[in-house]
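Results of the structural survey
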Amino acid sequence: MPSTQIPLKKVNKMTYEEFIRCFGNVVEHCSLCAAAVWRERPFHDVQHIASSFGDFIDRLPTSGKEGILRLHPDLAGRLAQSGQLTSESTREQRSAGLDKMSEEERQRMSVLNKRYKDKFGFPFVICARENKKDAILKGLEERLENSQLTEAITGANEVKKICRLRILDLVNSDSQSTQSSL
Ligand code: 2AL
């Protein structure tokens, strides 16, 4: 989490480049989302920023939703173990306790992650900050039974939750903006 949160007024004054620098990773490795959402300014409050990202993700065709899912790192996967996650993912995976799994749990996660990716062609994505490792393992097992379309939609909804929490980290949610204060 940044040490100082940005007031909404400042967000609404950002140039396109500044906006991309700030919000380019609220959807993991997908600055295209921020590039699309910039035109929605001015934002009325922090929820308006989150809903603009959410609406953009919702409007993507299934292939686009799957593409966004493919940009996500595995939970407790190779990147996590070699310390190569983005700072956001590192914090999220840690908050779910994924950095403190037994060898048996890690093996189970790895087998299920592979089975999931083999079936759907994209990684299993879940909002780690809203779950603990046991719930994640259970969700992974259950969601393996779903159809391709259900998983594209379910995964995209989890991306929206991750995105919303990342935005709440970045922007001071108490701050409001009105047209006249721009
Ligand atoms: C992640 C991640 O990196 N952070 C999070 O909440 N979920 N990855 C994933 N595959 O679900």
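The structure this text deals with has already been given above.
Computed from a predicted structure; not experimentally measured.

1. Let's talk about the overall build of the protein
- Tallying secondary structure elements over the protein gives 10 helices and 0 strands in all.
- Along the protein, from the amino end to the carboxyl end, the secondary structure elements read α-α-α-α-α-α-α-α-α-α.
- Taken over C-alpha atoms, the radius of gyration comes to 17 Å for the protein, in line with the 16 Å a tight globule of 182 residues would show.
- Principal-axis analysis of the C-alpha atoms places the extent of the protein at approximately 55 × 35 × 25 Å.
- In the protein, which comprises 182 residues, the share counted as buried stands at 46%.
- Within the protein, counting contacts between residues at least 6 apart in sequence, those at least 24 apart form 73% of the total.
- Total accessible area on the protein is roughly 9500 Å²; 51% of this is exposed by carbon and sulfur atoms.

2. As for the site of the ligand
- Taken together, the residues surrounding the ligand are Pro73, Leu75, Ser89, Glu92, Gln93, Phe124, Val125, Ile126, Cys127, Ala128 and Ile162.
- Contact distances for the ligand include 3.3 Å between an oxygen atom and a side-chain N or O atom of Gln93.
- In isolation the ligand exposes 290 Å². Once the protein is present, 99% of that is buried.
- It is helix α7 (residues 87–95) that contributes the most residues to the shell around the ligand, 3 residues altogether.

3. Quick notes on the packing of helix α4 (residues 46–59) against helix α10 (residues 148–170)
- At their nearest, the axes of α4 and α10 sit 9 Å apart, and the two run at 155° to each other. Between α4 and α10, the crossing angle belongs to the class labelled roughly antiparallel. As for the relative orientation of α4 and α10, their crossing is right-handed in sense. Contact with α4, carried on its side by Val46, Gln47, Ile49, Ala50, Phe53, Gly54, Ile57 and Asp58, involves Ala156, Asn157, Val159, Lys160, Cys163, Arg164, Ile167 and Leu168 of α10 and no other residues of that element.

4. Details of the packing of aromatic side chains
- The tally for this structure, following the rule as stated, stands at 8 aromatic pairs.
- Ring geometry for Tyr116 against Phe124: centres 5.3 Å apart, planes inclined by 80°, an arrangement best described as edge-to-face.
- Using a relative accessible area of 0% as the deciding quantity, one classes Tyr116 as buried.
- Note on Phe120 and Phe122: the rings are 5.8 Å apart at their centroids and 20° apart in plane angle, and the pair reads as stacked.
- One aromatic cluster is present, formed by Phe19, Phe23, Phe43 and Phe53 through successive ring pairs.

5. A look at the pattern of salt bridges
- According to the stated counting rule, one finds 15 salt bridges in the structure shown.
- A salt bridge links Asp169 to Arg91, with the nearest nitrogen and oxygen atoms 3.2 Å apart. Remark: Arg91 occurs in helix α7 and Asp169 occurs in helix α10; sequence separation between them is 78 residues.
- For Asp169, a relative accessible area of 9% gives the class buried.
- Arg143 is paired through a salt bridge with Glu151; the nearest N and O atoms lie 2.8 Å apart. For the pair Arg143 and Glu151, one class covers both residues: buried.
- Residues participating in the shared-partner salt-bridge network are Glu28, Glu92 and Arg166.

6. Some remarks on the environment of Glu130
- By the secondary structure assignment, Glu130 is in the loop between α8 (103–120) and α9 (133–143).
- Measuring from C-alpha to C-alpha, the distance between Glu130 and Lys100 comes to 17 Å, with 30 residues separating the pair along the chain.

Definitions and cut-offs
- All residue numbers here refer to positions counted from 1 along the written sequence of the relevant chain.
- Restriction of local features to residues with pLDDT of at least 70 applies here, the model being predicted, together with a cutoff of 80 or more for giving and counting side-chain atom pairs; totals for whole chains, interfaces and linings are based on all residues.
- Calculation of side-chain values draws on the structure's entire complement of heavy atoms; hydrogens and water are dropped beforehand.
- Under the scheme used here, helices are H or I runs from DSSP no shorter than 4 residues and strands are E runs no shorter than 2 residues, and both carry numbers assigned from the N terminus.
- Each radius of gyration is computed over the set of C-alpha atoms, and the globule rule expresses the reference value as 2.2 Å times the number of residues to the power 0.38.
- When a residue's accessible area, from a 1.4 Å probe over protein chains only, is under 20% of the maximum for its type it is buried; when over 50% it is exposed; and in between it is partly exposed.
- Contact definition: two residues touch when any of their heavy atoms are within 4.5 Å.
- Computed with the Shrake-Rupley method and a 1.4 Å probe, the accessible areas treat only the protein chains shown as cover for residues.
- Only heavy atoms are used to decide nearness, and a residue is near a molecule or strand if one of them lies within 4 Å of it.
- In protein, a polar contact requires one atom able to donate a hydrogen and another able to accept it; more generally it is a pair of N or O atoms within 3.5 Å, and residues adjacent in sequence count only if both atoms are side-chain atoms.
- Axes here refer to lines fitted to C-alpha atoms; in helices the fit is confined to the stretch in contact. Angles between the N-to-C directions go from 0 to 180 degrees.
- When describing relative orientation, an angle under 35 degrees is termed roughly parallel and one over 145 degrees roughly antiparallel, while 65 to 115 degrees is termed roughly perpendicular and anything else oblique.
- Each crossing is labelled by how the near helix is turned from the far one, with a counterclockwise turn of less than a right angle marking it left-handed and a clockwise turn marking it right-handed.
- A pair of aromatic rings is counted whenever rings of Phe, Tyr or Trp (Trp by its six-membered ring) have centres within 6.5 Å, and the orientation is called stacked for planes under 30 degrees apart, edge-to-face for over 60 and tilted otherwise.
- Here, a salt bridge means any Lys or Arg side-chain nitrogen found within 4 Å of an Asp or Glu carboxyl oxygen.

Bear in mind that shape data such as this cannot, by itself, settle questions of function.
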